[in-house]
Amino acid sequence: MVNIMPDDWSLPEPPAAAALQPYDLRCEHLRTPLGIGTPTPRLAWRLASDRRGDAPAAHRVTVHGPGGALAWDSGWIDGQDVSADYGGAPLVSFARYDWRVEVRGGGSARSWFDTGVLHADEWRAAWIGHDPETDPPFEPPTDDREPRTPRTAHLPAPRYFRRVVDLRPATAVRIAVTARGLYELHVNGHRAGDGELTPGWTDYRRRVPYQVYDVTDLAGDGPLCVGAVLADGWWSGSLGWDGRQQAQRYGRHPQLLAQIVAEHADGSRTVIGTDGRWRETIGPLRYADLLMGERYDARLDLGGWDLPGFDDSSWAPARVADTDLSVLVPSVAEPVRVTRDLVPVEVRSHDGRTIVDLGQNIAGRVRLTVRGAAPGTRVTLRHGEALTDDGGLYTANLRSAEATDHYVAAGVAEETYEPRFTVHGFRYVEVTGHADVAVVGRAMHSDTPVAGEFSCSDAMVRQLMSNIRWSQRDNFVSVPTDCPQRDERLGWTADAQVFLPTACYNADVAAFFTNWLADLRCAQDAAGGAVPDVVPHVITERHGTPAWGDAATIVPWHLYEVYGDERVLRDSLPSMRRWVDHVERHNPGLVWRDKVGSHYGDWLQADVRTDRDVLATAYFALSADLTARAAAVLGDTEARDRYAGLRKRIGEAFAREFVSPDGRITGDTQTGYLLALAHRLVPAGLVPAAVAHLVADLERRGRRLTTGFAGVALLGPVLSAHGHADLAYALLHDDRYPSWGYSIKRGATTIWERWDGWTEETGFGPVAMNSFNHYALGSVGAWLYGGVAGLGQEEGSVGFRRPRIRPLVGGALRWASAAYETPLGRLASRWELAGRGELRLSVQIPPGALATVHVPTTDPSSVRESGEPVSGVVGRTGSAVVCQVGSGRYSFTSAW
Ligand code: BGC
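Since the model is a prediction, treat every value here as computed from it, not as a measurement.

## As for the side chain of Arg442
Working step 1: By the secondary structure assignment, Arg442 is in strand E33 (residues 437-446).
Working step 2: Side-chain polar atoms of Arg442 contact the side chain of Glu418, separated by 2.9 Å.
Working step 3: The residues touching Arg442, leaving out its near neighbours within four places in the chain, are Val338, Arg340, Asp341, Ile362, Ala363, Gly364, Arg365, Val366, Arg367 and Glu418.

If you want it as structure tokens, here you go:
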């Protein structure tokens, strides 16, 4: 049942350092990015030091630009900052900047960033495409032995573009590229870059990101051939659940835009953009659709199409479609990449079909190898997350997504094919059409760097964390999606906000969410302030929903708390305010009953129904509170007072309306209590009673949870904060329905959308909505890091300046550990019941942090650190000694 696929998303160790050593240098949250488009990029680093109590006192940043000229010397800047905004000579477009940070009394480190288009008037390119009006009516190729399905019948063939240019010898060649659609860039016979599904999905109406490639190495001295394959993608392909109806959401046909910039030894530049001189045709790729799949006919291979000498006389001139470049924006997030290959764990034959089991539910595609096939042999790959009872592929839950790739063999001894413009959510692949095939799974996702890891002594909990991490990867495909497999894959806002804290522990998602928030702001109703249920905003009729729209306040605030970059608040405060104002305007009584959008409530909760007004008003209070806090950070005291006052009045309205004198919350559900307690909406005197009602509900149900998307993340934190860690652990270890363990017992390798995705009684859950790869119920992950292993920060701390380590010894665990890359450096803890009544706790605190460590113990006098009586004690609770420590590693022991 358990641990089919180890999770190897391991966290690299920081450097060993006798003195303060900078590492993990980032520019605008990205490592060695190309295409930086802001004039004052933020440069950041982490610090490592083996010396206890180390803290930086000053740093100095130097930046050298084109020709090695000094662009900026910050001079020594006193203080503990681990970032600096570039403040030197104006940056030049398409140039490499080498930078170095030095820490006083410590080491130094180097990195670089590369600029994109810094001034809009530097663009010299037009959108080009194919002119479909000139096409003959669609007719499938005559040798297509099987007709296409109704859903794929009208999918257009992706276009191949090329242009050969003669550049004078160049010292550097860069290409800025994007598409309305998806593109793959080729230079002189090679694919450029390793990004997938570029340019990614954004709100194309307002933002089309371009990527920059340094192709100097591919360019050589001769003529340069730049080629691109262009497919529909999110721009004009199937999107969302309306399948084909939602197709052409943004435009009818894809378009390409590229600008080649060659730099010469004398400092001059040659700039060549896409225009009518590019040529285009169709090729072996017969169609490509994100939801439906791809069809590739290798007999139609365009051998050498991306090389300079290729004869393209039969190709047509590209059509200049549009010259509106106002939507172009630099890419601000990591691209999607293939990050892991999965070799099948089992290959079986079922009903004359080959069924391949990758052992892990992934988002991605396969690499297919076909041996000894006759020309024209058609190999079909179908993808699914599960098997039917008789061992066949289960695809009912994909709804209209065909998730099927077709490969038509050229007929050579061995040939390989890998789709490029589609992505499937699957663990199993069914292969038909040829027997001698090999398949490798290729997992892909937005390549957000690993930031944390968690482990513990219990195999099921380890599998839970593995499932959470896989669901994160599988659903962070350019935008945070709900699911990777069915005809949906949308950026549902509540899913994103409830999972964000867990996501931040697992990976550095600063850039990823900065990008998504830009789309959220684009999509917010300009006049009214309503925030859509999905971002990018493609289901236009759905917006303004409690817990969904509140992503507008929760996401920026959480990013600020974790990463300490106040710019996210600066960018978002107007949007946060408009959202809260919108809710208030329609609910002057401060109980959120009107303008509730689609009001999904505590979505997919088990067995009960949380009162929707309770849920909505709790979120209203939270959003007002976060807006007040954001205003305070930005020094806007007027806004702070206004929203703090509003929060207070919402609290009063909540108490009046929903909290009864005996501490009951209207509806009497777990989520109702959890929301009210977590967001401090229960009058202080009634908190113990409310907690008692929550506990009573759990006990009455035999310690079973009833929470859905909105409540589930709060179970662990609220129960343990109120002295019921035992109950939180009982839920964590449970494997009866509904629980995380129940899915794991059934062999889940990702988090299920619904508790009843499959049950003994009914088998598979409702096909209308039953994903086996949704991360929302995996939001418990933040409690594993922050509660069980105890890695968090003090209330009011930002960017982990004041970490708090408060492990939760309990449940069936003998040990638990977690490590996390804070903006300052590594924070880690590991506790272990060592036997003979001893608890060992080792912690690591990053330079510049002052941490509060709660050492669990049953006897405060027993606590030792490295064998010595503990110093820096600031408090004692019933079950812990609390001390303060600076950076370094510490080993505590205590009686337990
Ligand atoms: C999605 C969810 C989303 C919900 C809202 C579902 O179809 O998969 O994750 O939040 O709709 O109702």
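## Notes on the pairing of strand E34 (residues 452-456)
Working step 1: Covered by surrounding structure in E34 are Gly452, Phe454 and Cys456 only, the residues Glu453 and Ser455 on the alternate face being uncovered.
Working step 2: Bridging between E34 and strand E41 (residues 815-821) involves five bridges; their strand directions are antiparallel. Within E41, the position partnered with Phe454 by the bridge is Ala818.

## Topic: the UniProt feature "domain: Alpha-L-rhamnosidase six-hairpin glycosidase" (unreviewed entry) in the protein chain
Working step 1: As annotated in UniProt, the feature "domain: Alpha-L-rhamnosidase six-hairpin glycosidase" (unreviewed entry) corresponds to residues 451-786 in the numbering used here.
Working step 2: Overall, residues 451-786 shows 51% helix and 4% strand. The separation of its end C-alpha atoms is 14 Å.

## Some remarks on the site of the ligand
Working step 1: Surveying the vicinity of the ligand reveals the residues Asp482, Arg486, Glu488, Trp492, Asp495, Trp548, Tyr600, Trp603, Phe709, Glu753, Met769 and His774.
Working step 2: One of the side-chain N or O atoms of Asp482 is found 2.7 Å from an oxygen atom in the ligand.
Working step 3: Residue His774 places a side-chain N or O atom 2.8 Å away from an oxygen atom belonging to the ligand.
Working step 4: With the chains in place, 96% of the 310 Å² that the ligand exposes on its own is no longer accessible.

## Let's talk about the pattern of salt bridges
Working step 1: Counted under the stated rule, the structure contains 73 salt bridges.
Working step 2: Between Arg180 and Asp322 there is a salt bridge, with the nearest N and O atoms lying 2.7 Å from each other. Taken as a pair, Arg180 in strand E11 (residues 172-180) and Asp322 in strand E22 (residues 319-322) lie far apart in primary sequence, 142 residues in all.
Working step 3: Since its relative accessible area comes to 23%, Asp322 is described here as partly exposed.
Working step 4: Several salt bridges share partner residues, and in doing so they unite Glu184, Arg191, Glu196, Asp341, Arg365, Arg367, Glu418, Arg420 and Arg442 into one network.

## A closer look at the packing of aromatic side chains
Working step 1: Counted under the stated rule, the structure contains 40 aromatic pairs.
Working step 2: When the ring of Tyr394 is compared with that of Phe764, the centres are 3.8 Å apart and the planes differ by 10°; the resulting orientation is stacked. With Tyr394 in strand E29 (residues 393-394) and Phe764 in strand E38 (residues 763-764), this pair connects stretches of sequence that are 370 residues apart.
Working step 3: Ring centres 5.3 Å apart and planes at 55° place the aromatic pair Trp557 and Tyr560 in the tilted group.

## A word on the environment of Ala409
Working step 1: Along the polypeptide, Ala409 turns up in the loop between strand E30 (404-408) and strand E31 (414-417).
Working step 2: Among the residues examined, Ala409 registers a relative accessible area of 0% and is labelled buried.
Working step 3: Taking the C-alpha atoms as reference points, Ala409 and Thr377, 32 residues apart in sequence, are found 5.2 Å from one another.
Working step 4: With sequence-adjacent residues up to four places away left out, Ala409 is seen in contact with Ala298, Arg299, Ala373, Ala374, Pro375, Gly376, Thr377 and Glu415.

Conventions we followed
Residues numbered from 1 in each chain as written. Predicted model: local features only at pLDDT ≥ 70, side-chain atom pairs only at ≥ 80, totals over all residues. Heavy atoms only, no water. Helix = DSSP H or I, 4+ residues; strand = E, 2+ residues; numbered from the N terminus. Polar contact = N/O pair within 3.5 Å; in protein donor to acceptor, adjacent residues only side chain to side chain. Contact = heavy atoms within 4.5 Å. Buried < 20%, exposed > 50% of the residue type's maximum accessible area, 1.4 Å probe, protein only. Pairing = 2+ DSSP bridges. UniProt positions renumbered as here; feature names shortened; annotations may be inferred. Near = heavy atom within 4 Å. Areas by Shrake-Rupley, 256 points an atom, 1.4 Å probe, with all protein chains shown as cover. Salt bridge = Lys/Arg side-chain N within 4 Å of Asp/Glu carboxyl O. Phe/Tyr/Trp six-rings, centres within 6.5 Å; stacked < 30°, edge-to-face > 60°.

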